[in-house]
Amino acid sequence: MSALAQIPILPLLLATPLACTLLTLVVPERLIKPLNATLSALALGLALALALGFDATTGGYQFAFVRPWIPAFRIQLDLAADGIAVLMSLLNAVVYFTGTLTMWSLNHRTREYFAFISLLVFGVFGVFLSRDLFAFFFFYEVAVLPMYPLIAVWGSTRKAYAAMKLTLYLMAGSALLFPSLIALYVLGGGDTWSIPELARRGFDPSVQVFLYPFLYVGFGILAGMWPLHGWSPTGHVAAPTSVSMLHAGVLMKLGAFGILRVAIGILPHGAEVWAPVAASLATAGIIYGAFVAWRQTDFKYVIGFSSVSHMGIVLLGLATLSADGTRGAVFQMFAHGVMTALFFSVVGFIYDQTHDRDIDHYGGLATQVPVAGTLFILAALCGMGVPGFASFVAEFLVFVAALQAWPVLGIIAIAGLVITAAYLLRVLGKALFGPPNPERAGLLDLRPVQALPRVILAGLLLLFGFVPQLALDLISHIGAVVK
Amino acid sequence: MTPLTAFNLCALALFCMGLYGVLARKNLIAMLIGVELMLNAASLNALAWGRYGLVDPAHAAVSGQILVLFIIGLAAAEAAIALAIILAVHRHRHSVDVDDLDTLEG
Amino acid sequence: MVLDTPTLTRLALAALAAPLCAFAIAGLALRSRPRAAAALVIASGALTALATLAILALADAPIQQVWTWLRVGDTDLGFGVLLDPRSRLMGAVVGVITLLVQIYSTGYMAHDPGRTRFFALLALFEWAMLGFAYAPDLLQAFIFWELVGLASFFLIGFWYDRPEAIAAAKKAFIMTRVGDVAMLIGLVLLFALAGTLDIRESLDRLHSLLQGHGITSLQVEVAAALLFVGVVGKSAQFPLHTWLPDAMAGPTPVSALLHSATMVAAGVFLFARFEELFLLAPLTRSAALLLTAFTALLAALLASVQVDIKRVWAWSSISQLGTMLAGLAAGGLSSGLFHLTTHAAFKALLFLSAGALIHHYGTQDLRALGRAGARRDRLTMLGLLVGAAALAGIPGFAGFASKEAVLTAVHDVPGRAAATGFALLVIGAGFTAYYVGRVAFLLLRPTAAEPHEPTPPDAHGHPPTTAMSASILTLTLITLALAFAGPLVASLLGQPLPELALAHAVPGIAAVALGLAVAVFDFGRKSSAPPLFERVPALHGLLLRGFYVDAIYQRVFVGAARLCARALHFAETRLLDPAADGLARLTLAMGEGTARGQSGQLQRYIGVAALLLACVALWLGFAE
């Protein structure tokens, strides 16, 4: 791996989607999709190289790349990846690549669409790889803002409303975040934005207790934290397929990542004080999301609320502040990202043909479109936390940690598994199984090319289900926040 | 009454006339004249203070006059732009009555 | 001959790998070649059966081999095999019964378009159950336990275009999941108490910790009780029993497998696997004994009125599982597992022969089957009668020996709970004999159709194929042979079966005799008198509807969950969402309010500005 160490892999990874944005704006129309497919494949390759080149035995931040950015305010472009960032970058690259492939049939304002998508991906990579707090927030905003045009222009079902709602919620989160980040900078001595450095310096307990809720809620909104999750299902529903995939698959993870990296990382004492509240909200989200998903009639709303529920598991794992809980949460971020991407890509495929997402208007899809149906069933099984799929180990780790940290909440959260099974089996029973609906007899199944991105996602779910060590090695160095 | 006070009072009168013109006249050109009057009031004050007053005696006369020169220059530029705008408004709306120009109403 | 450890380990791994490979290959590559898929799955099943039998017969001391599957922090989560007497016995039962069911299915499913999927799922089922039986590790046990549930979900819902099949599969999955949740919590508690995931080590440690007062007996009771809830769910014991009768919606070979060696047997095996834990938890044991004995009686009663042959066997499974669990709860490891073994054989036999009849005559109604001429299928009826005799517990047949062993084990436990349990079991045995006799007579001595009965569909079915007959015949022989296997099982497990004293055997035998006599009286003679339960129409109706347990669950639990979902959905759409929208609207309204101050009148703006400036000037002036 010594040869690899010479390549500035993080700047390359970050530059790829940015280059994609710029090139997309200038290349001829017919080259846009090949260009995006190539560059997203390149990003995936770089992310894979990053994961392979990452030395899991030593852990810590690796591949550091530091350049001054705004010296007057000591702002740096400080790129470095630890195991969590590597895993999340891999997730982002996978969803980017598969999402690009699923949008092959797009023909409305293709240029702008792909430009915005790759800009969004650029921001997401920036967040995962930045060690500088200011750059972190900068990229965070870069990642969030393209959602508005992407939903408002290319969306469906109440798209203007959904786009505005999403933007307002996320801006509210940013409004909480930005002053808090500046407060961290000022109170941290006013001479560094470096997250590890700030974490090392530590903050006064009263400051921590005061600032923590701002950061937690600010990031929590993006993570779909109950009760501020309202933007997320609406946004999922309105967004076009690959945006839904990125949105639920990656963007929501930014919130959880921010909580882990910034809120808990810099303010551990605050996290400890607020942990009971955070854990209660997370558990409420798990149960609430599952119950509400049970009542939905729109495929995407079911998945949207299931995201609230599954992100609740992530937040619960983070709230345990234990090593196992955090590992489980990070792994669940990955598993859930791949799983929802698969869900949305399959639903999007059906929706593109019928322009109808009402579960009751379907029946026997497993007979009518066996390949797409099987992929949907695989995603649903993963959602139920069946062994053999990535989310099983992740949820198991979170639940074990939760039972030890908060027995009552842990029991409630585990009981949520029953409701999860109920709502997912309801969808399977109504739409996938049962007598085929004759009105949908003309549905086409996935062609091999279309199946490719979905099969990649399903394969990843199974791969990480059978060999979870692949992911756990990367994040084995996570320690308990509170000993 | 010192000369300074006399000049100040005169400038005050000029300023009030200008202000009245700006506030009360409906014709944009008349309002522009009001603005010019106010500028002149300010210039008069500057000259008076420069000559009699508060500034360092060594540069007193000169500094007041420099300020006034600037004001004249600015007033010329302002009049040119304002007249151009008024002309454009007239061309679009066939009116220079300020009450008709309420597109900024909330 | 005894094989050495590496060979046995390899055999166990081969037994595990074969069905998994068959599942993967058949499911992915052989979708359009059902014959090849069936052949592959049966080959894997044969390999597994041979391997498990070799492991059963040719092993000596317990073997445990664990490889690290994943490492989380300092905890190693292992994957491996534990070959001790219990798992060897269970593994062999799984291997043999599955193979026979697979062979049988070539005939039964010959005309089904989805038979590749069917065989692939059978292989998955076998893999999951075997992985559970051989699991040395709490997490592995839970993983395969879940996979058993998953495989049975897909098999029960195999005909997925039938709404009732999907409903039954859903119900099975969700109800057992209720148990799984409790079990998962119990496993985590066990892990927290013992500090290891290794099952045998954790049980050992628990014992010494309890003696050293490192943990309280209450903690052990709670862990045991939670595990028992998992058993209740999986083995369909009261109050989580209602899914099993509905699971009949799956193909009959699936029922044969599900009711004998897999799925429901997993619950019993879990109890046997954690027998040492339950021995440390006397309260849970007593409660378990009472509950399972009660289930045994309740299910036997319900089986006595069913007209659908598969439903009779389904309720009978619940009853027999209750019997096994009562034996295990009484501390009779050999008795319980011996009954598990004999039951696996005769229940598979009963289902397979019932399936052959259904396949032939196109109906599941007992009376219709009898009238259609079921008794002419000689071999099938022979199998069915041997299985029925074993189930009824007629002396000389397999079920007799094992059931008496259980009864004696329960009888030997002092205390009022065990005495009550014994009484319940004996009465249950009586009703078992009664309903078995009823089935036999209805099939053998058909009565004239009553006007309100549905006419059977035209018999356009197929007589049993050679493969089906061969399976039935083999199982018949196995069932007959198992009558004498008691001492073998006992010596394998190292716990002798309880002495069959006359005093203990008399109530059981008397109950069976009485039950059979009533069955003969009710169905064995030409008489127009209604049978036992139909004389009390109210009770009959109650039994037919399973004491309304299902309906009550539907109302209470499903209803409560639905209500909860509705309430939260209301909160989402009527409270949270409008609150957010309201906030946005408030902002808009504020903007509109301020905008109204903007008249657009230039001179008014200038006036206000001048006034404000004047105020500022005045203020500055006064400030000086």
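Just so it is clear, the structure is predicted and the values come from calculations on it, not from any experiment.

**Focus on the overall build of chain C**
Inference 1: Scanning chain C for helices and strands turns up 25 helices and two strands.
Inference 2: Seen through its C-alpha atoms, chain C measures out along the principal axes to roughly 120 × 70 × 55 Å.
Inference 3: When the 624 residues of chain C are sorted by exposure, 57% land in the buried category.
Inference 4: Taking contacts inside chain C between residues at least 6 apart in sequence as the whole, the part at least 24 apart equals 81%.

**As for the overall build of chain B**
Inference 1: Helices and strands together make up the secondary structure of chain B, namely three helices and zero strands.
Inference 2: Relative to its length of 106 residues, chain B is extended, with a C-alpha radius of gyration of 17 Å against a globular reference of 13 Å.
Inference 3: Here the contacts in chain B between residues at least 6 apart in sequence split such that 47% fall between residues at least 24 apart.

**A short note on the domain arrangement of chain C**
Inference 1: You can read the domains of chain C as domain 1 (287-544) and domain 2 (554-623).
Inference 2: Relative to domain 2 of chain C, the C-alpha centre of domain 1 of chain C lies at a distance of 73 Å.

**Topic: the interface of chain C and chain B**
Inference 1: Of the residues lining the interface, twelve residues belong to chain C; the matching set on chain B comes to eleven residues.
Inference 2: Elements represented by at least two residues in the side of chain C that touches chain B include exactly helix 24 (549-596) and helix 25 (602-623) of chain C.
Inference 3: Broken down by element, the residue count for the side of chain C that touches chain B peaks at five residues, all from helix 25 of chain C.
Inference 4: Class assignment of the residues belonging to the side of chain C that touches chain B gives a composition of four nonpolar, seven polar and one charged.

**Structural notes on the nonpolar core**
Inference 1: Val338 and Leu461 of chain A together with Ala348 of chain C are the most contacted members of the largest nonpolar core, which totals 441 residues.
Inference 2: Ranked by residues supplied to this core, first place goes to helix 6 (residues 163-194) of chain C with 20 residues.
Inference 3: The contact partners of alanine 348 of chain C, leaving out residues within four places of it in the chain, are Ile97, Leu100, Val101, Ala256, Ser260, Ala261 and Leu475 of chain C.
Inference 4: Judged by nonpolar contacts, the second largest core, of five residues, contains Ala11, Met38, Leu39 and Ala41 of chain B.

**Side note on the interface of chain C and chain A**
Inference 1: With 33 residues of chain C in contact, the opposing surface of chain A contributes 37 residues.
Inference 2: For the side of chain C that touches chain A, the secondary-structure elements that each account for two or more residues are strand 1 (63-72), helix 5 (138-156), helix 6 and helix 24 of chain C.
Inference 3: Counting residues per element, the side of chain C that touches chain A draws most heavily on helix 6 of chain C, which supplies twelve residues.
Inference 4: Tallied by class, residues from the side of chain C that touches chain A come to 22 nonpolar, three polar and eight charged.

**Brief notes about helix 15 (residues 333-361) of chain C**
Residues and elements named next belong to chain C.
Inference 1: Over its 29 residues, helix 15 runs 41 Å from end to end, which matches the ideal 42 Å to within 8%, given 1.5 Å per residue.
Inference 2: For helix 15, the buried fraction is high: 29 of the 29 residues fall into the buried class.
Inference 3: One or two steps after helix 15, the chain reaches glycine 362, where phi turns positive at roughly 70°.

**Some details on the environment of leucine 602 of chain C**
Inference 1: With respect to the element layout, leucine 602 of chain C can be found in helix 25.
Inference 2: On the basis of neighbour count, leucine 602 of chain C is assigned to the partly exposed category, with 17 C-beta atoms found within 10 Å.
Inference 3: Not counting chain neighbours up to four residues away, the residues in contact with leucine 602 of chain C comprise Val98 and Leu101 of chain B.

**Brief notes about the confidence of the model for chain B**
Inference 1: Confidence in the prediction for chain B averages 86 pLDDT; 92% of positions are at 70 or higher.
Inference 2: Confidence, expressed as mean pLDDT per element, reaches its minimum in chain B at helix 3 (residues 60-93) of chain B with 88 and its maximum at helix 1 (residues 3-24) of chain B with 91.

**Quick word on the environment of leucine 618 of chain C**
All names here are of chain C.
Inference 1: Its location among the elements puts leucine 618 in helix 25.
Inference 2: Exposure remark for leucine 618: the 10 C-beta atoms within 10 Å place this residue in the exposed category.
Inference 3: When the C-alpha atoms of leucine 618 and glycine 233 are compared, they prove to be 85 Å apart, with 385 residues separating the residues in sequence.

**Concerning unusual backbone geometry**
Inference 1: Going from tryptophan 226 of chain A to proline 227 of chain A, the amide bond is cis rather than trans, its omega being 5°.
Inference 2: Cis geometry marks the peptide bond from phenylalanine 238 of chain C to proline 239 of chain C; its omega dihedral reads 5°.
Inference 3: Among the structural elements, proline 239 of chain C can be located in the loop between helix 8 (217-234) and helix 9 (243-246).
Inference 4: The phi dihedral of leucine 321 of chain A is positive, around 60°, even though this residue is not glycine.
Inference 5: Looking at the secondary structure, you find leucine 321 of chain A in the loop between helix 14 (299-319) and helix 15 (323-354).
Inference 6: Overall, leucine 321 of chain A belongs to the buried group, with 21 C-beta atoms counted inside 10 Å.
Inference 7: Of note, phenylalanine 547 of chain C is a non-glycine position whose phi angle comes to about 55°, a positive value.
Inference 8: Within the secondary structure, phenylalanine 547 of chain C is located in the loop between helix 23 (537-544) and helix 24.

**Brief notes about the pairing of strand 1 of chain C**
All names here are of chain C.
Inference 1: Where strand 1 meets strand 2 (residues 75-83), nine bridges bridge the pair, whose relative direction is antiparallel. Its bridge partner being in strand 2, tryptophan 67 is matched across the sheet by phenylalanine 79.
Inference 2: Adjacent in sequence and paired antiparallel, strand 1 and strand 2 are bridged by two residues, among which glycine 73 carries a positive phi angle near 60°.

**Topic: the environment of serine 255 of chain C**
Inference 1: With respect to the helices and strands, serine 255 of chain C occurs in helix 10 (residues 252-260).
Inference 2: When near neighbours in sequence (up to four residues on either side) are disregarded, serine 255 of chain C contacts Ala247, Met248, Gly250, Lys310 and Phe351 of chain C.

**Some points on the packing of helix 4 (residues 115-133) of chain C against helix 5 of chain C**
Residue and element names in this part refer to chain C.
Inference 1: Remark: helix 4 packs on helix 5, axes separated minimally by 8 Å, with the N-to-C direction vectors making an angle of 155°. Overall, the two elements helix 4 and helix 5 adopt an arrangement that is roughly antiparallel. In terms of crossing hand, the pair formed by helix 4 and helix 5 is left-handed. For the pair helix 4 and helix 5, the contacting residues are Leu121, Leu124, Phe125, Ala128, Met129, Gly131 and Phe132 in the first and Ala141, Phe144, Trp145, Leu147, Val148, Ala151, Ser152, Phe154 and Leu155 in the second.
Inference 2: Tallied by class, the residues present in the contact of helix 4 with helix 5 amount to 14 nonpolar, two polar and no charged.

**Some remarks on the packing of helix 3 (residues 85-108) of chain C against helix 4 of chain C**
Residue and element names in this part refer to chain C.
Inference 1: At a minimum axis distance of 9 Å, the contact between helix 3 and helix 4 shows a crossing angle of 175°. Taken together, the axes of helix 3 and helix 4 lie roughly antiparallel to each other. Along its contact with helix 3, which presents Ser87, Met90, Gly91, Val94, Thr98, Gln102 and Ser105, the element helix 4 presents Phe118, Phe119, Leu122, Glu126, Met129, Leu130 and Ala133.
Inference 2: Residue composition of the contact of helix 3 with helix 4, grouped by class: eight nonpolar, five polar and one charged.

**What to know about helix 24 of chain C**
Inference 1: Here helix 24 of chain C spans 66 Å end to end across 48 residues, near enough to the 70 Å set by a 1.5 Å rise per residue.
Inference 2: At glycine 559 of chain C, helix 24 of chain C is deflected by roughly 35°, the largest bend along its length.
Inference 3: Contacts from the buried residues of helix 24 of chain C go to helix 13 (268-295) of chain A.

Reading guide: rules and limits
Residues numbered from 1 in each chain as written. Chains lettered and ligands numbered in written order. Predicted model: local features only at pLDDT ≥ 70, side-chain atom pairs only at ≥ 80, totals over all residues. Helix = DSSP H or I, 4+ residues; strand = E, 2+ residues; numbered from the N terminus. Buried ≥ 20, exposed ≤ 12 C-beta atoms within 10 Å, placed from the backbone. Contact = placed C-beta atoms within 7 Å. Rg over C-alpha atoms; globule rule 2.2 N^0.38 Å. Domains from an automatic or database assignment. Nonpolar A, V, L, I, M, F, W, Y, C, P; charged D, E, K, R; others polar. Core = buried A, V, L, I, M, F, W, Y, C linked by C-beta atoms within 7 Å. Expected span 1.5 Å × (residues − 1). pLDDT = per-residue confidence, 0-100. Pairing = 2+ DSSP bridges. Axes fitted to C-alpha atoms, helices over the stretch in contact; angles between N-to-C directions. Parallel < 35°, antiparallel > 145°, perpendicular 65-115°, else oblique. Left-handed = near helix turned anticlockwise from the far one by under 90°. Bend = angle between axes of the 7 residues up to and from the residue.

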